[in-house]
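Geometric and topological summary
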Amino acid sequence: MDKETAEIRALEVLTWVLMDDELIQIFMGATGASQEDFRTDNLSHEFLISILDFVLMDDSWVISCSKFLKTDPSQIQNIRVSLEGGHQVNWT
């Protein structure tokens, strides 16, 4: 996936998160993000990667988000690794 497409798709994932008030609260609690961060940081790759990492934490979120995006659930991870700075980290 090219970087421009990944950015567009990551913004769609952000849109999906923003549509669910409960999910926003969980994200903010888990990451320490504020409402201001959503207004000012939502175009930075770091912020988009954090949104994708958050969604990837729960299989039901991945499935629901992929339905919203009308794509295969595996594409959520592909979006992440296609963003600049989103390469896969191997800790072993």
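One structure accompanies this document, and this report is about it. Note that the structure is a prediction, hence the values are computed from the model and not measured. (Residues numbered from 1 in each chain as written. Predicted model: local features only at pLDDT ≥ 70, side-chain atom pairs only at ≥ 80, totals over all residues. Heavy atoms only, no water.)

Of the regular secondary structure elements, the protein chain holds six helices and zero strands. Put simply, the protein chain runs from its N terminus to its C terminus through helices and strands in the order α-α-α-α-α-α. Considered along the principal axes of its C-alpha atoms, the protein chain spans approximately 30 × 30 × 25 Å. Counting only residues that meet the buried cut, the protein chain has 35% of its 92 residues in that class. Just so you have it, the protein chain exposes about 5,600 Å², and 52% of that area is on carbon and sulfur atoms. Averaging the coordinates of the 6 positive side-chain charges in the protein chain and doing the same for the 16 negative ones gives two points 6 Å apart. (Helix = DSSP H or I, 4+ residues; strand = E, 2+ residues; numbered from the N terminus. Buried < 20%, exposed > 50% of the residue type's maximum accessible area, 1.4 Å probe, protein only. Areas by Shrake-Rupley, 256 points an atom, 1.4 Å probe, with all protein chains shown as cover. Lys, Arg positive; Asp, Glu negative; His and termini not counted. Charge placed at Lys NZ, Arg CZ, Asp CG, Glu CD.)

Among the nonpolar cores identified, the biggest contains 26 residues, and Val13, Phe27, Phe38, Ile51, Val55 and Ile76 are the most heavily contacted of them. Elements represented by at least two residues in this core include exactly α1 (3-18), α2 (21-31), α4 (45-56), α5 (59-69) and α6 (74-82). Element by element, the count of residues in this core is highest for α4, at seven residues. Filtering out sequence-adjacent residues up to four positions away, Ile76 remains in contact with Val13, Leu52, Val55, Leu56, Val62, Cys65, Ser66 and Leu69. (Core = buried A, V, L, I, M, F, W, Y, C linked by side-chain atoms within 4.5 Å. Contact = heavy atoms within 4.5 Å.)

If you trace the backbone, Ser82 turns up in helix α6. Accessibility expressed as a relative area gives 10% for Ser82, which makes it buried. Each residue touching Ser82, except ones within four places of it in the same chain, is listed here: Met1, Lys3 and Ala6.

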